[in-house]
Amino acid sequence: MKYLTLALLLLLVSSANSQLKERDNLLGVSLGLWPSNNAPVLGVNFENQVSQAGIGTIGLGGIFKYYTYGVTYGNGDSRRYNFSSFGLQANYNFNQVGDGKFVPLFGLVLGYNSVNSSYTDVRGNAVFISDVSYTSGAWLWAQAGFRYFFSNSVAGGLKVGFGNNNFNTLELGLDFKL
């Protein structure tokens, strides 16, 4: 049984038409959800397939994400948080699976998260109150997911990200091959 499974896997990989090849570029947009605070996450990413590596490609690129949410306290005061995150990503794309349209991936992102917050009292006055709930700084994020190529140049995707700063997301995206 083990040899039959191996033979089927080799046949599957050898008959694949990969969608991603060395030197391909992807530019994409994403809409995600940060479940901790039910905040939508808007993203833009770029990835260049720098090298063919076995049954996949290694992609390097950059990302930018923006998300915001607010908290209203029992006394009527409120605080608004704004996050701008940018970083460098490295992904391994399994581009020789099946007919090549389905491309699983996993990778790492190293970046910087800039956090701004504003506090408003019940009368609408801006008040300075020190807050250490979220701080700006470096972050590391692991991501996994897949892309599905609807055509040679357009793919839809799903990614799950896990990182420090209590930032775990689920994102839907659209990538365009340039």
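Before reading further, recall that the structure is shown in the block above.
Computed from a prediction, not measured in an experiment: that's the story for all the values here. Every residue gets a number counted from 1 within its own chain, in the order that chain's sequence is written. With the structure being a predicted model, the display of local features is reserved for residues of pLDDT at least 70 and the display and counting of side-chain atom pairs for 80 or more, all residues being used for whole-chain, interface and lining totals. Only hydrogens and water are removed before side-chain values are computed, so all heavy atoms of the structure are retained for them.

**So, the pairing of strand 5 (residues 102–120)**
Here's step 1: For two strands to be treated as a pair, DSSP must find at least two bridges joining them. Strands are runs of DSSP state E lasting at least 2 residues, helices are runs of H or I lasting at least 4, and numbering of each runs from the N terminus. Sheet analysis places strand 4 (residues 78–93) next to strand 5, joined by 16 bridges and oriented antiparallel. Pairing of Q89 across the sheet is with V109, part of strand 5.
Here's step 2: The sheet contact formed by strand 5 and strand 7 (residues 137–149) spans twelve bridges and is antiparallel. By the bridge assignment for strand 7, L105 is matched with G145.
Here's step 3: Direction of pairing for strand 5 relative to strand 6 (residues 126–127): antiparallel, over a ladder of two bridges. The residue bridging Y119 from the neighbouring strand is V127, located in strand 6.
Here's step 4: Following strand 5, the chain reverses through five residues before pairing antiparallel with strand 6; G124 in that reversal takes a positive phi of roughly 90°.

**Let's talk about empty space enclosed by the protein**
Here's step 1: Only protein atoms enter the 1 Å grid used here, on which a cavity is any set of points holding a 1.4 Å probe that cannot leave and a pocket is any open set flanked by protein within 12 Å on both sides along at least five of seven lines; residues with an atom within 4 Å of a point are listed as lining. Grid points are joined across faces, edges and corners, and a volume is the space filled by probe spheres set on the points. Tallied over the entire structure, the rule returns two cavities of 30 Å³ or more.
Here's step 2: Empty space within the largest cavity amounts to approximately 120 Å³.
Here's step 3: Looking at the largest cavity, it is lined by 18 residues, and the ones nearest its centre are S30, N45, K159, E171 and G173.
Here's step 4: Secondary-structure elements contributing two or more residues to the lining of the largest cavity are strand 1 (25–34), strand 3 (56–72), strand 7, strand 8 (154–163) and strand 9 (167–177).
Here's step 5: Considering every element that reaches the lining of the largest cavity, the biggest residue donor is strand 9, with five residues.

**Side note on the pattern of salt bridges**
Here's step 1: Each reported salt bridge corresponds to a side-chain nitrogen of Lys or Arg within 4 Å of a carboxyl oxygen of Asp or Glu. Under the definition given, this model contains four salt bridges.
Here's step 2: With a shortest N-O distance of 3.8 Å, K177 and D24 are connected by a salt bridge. Of this pair, K177 sits in strand 9 while D24 is found in the loop between helix 1 (2–14) and strand 1, placing the two residues 153 residues apart along the sequence.
Here's step 3: Think of it in three bands: with a 1.4 Å probe and only protein chains considered, a residue is buried below 20% of the maximum accessible area for its type, exposed above 50%, and partly exposed in between. Among the residues examined, D24 registers a relative accessible area of 16% and is labelled buried.
Here's step 4: Among the ionic pairs, D175 bridges to R147, the shortest N-O distance being 2.6 Å. Residue D175 is located in strand 9, and its partner R147 is located in strand 7; the two are separated by 28 residues in the primary sequence. Across the pair, exposure class does not vary: D175 and R147 are buried alike.
Here's step 5: Sharing partners across several salt bridges, the network here consists of E47, R147 and D175.

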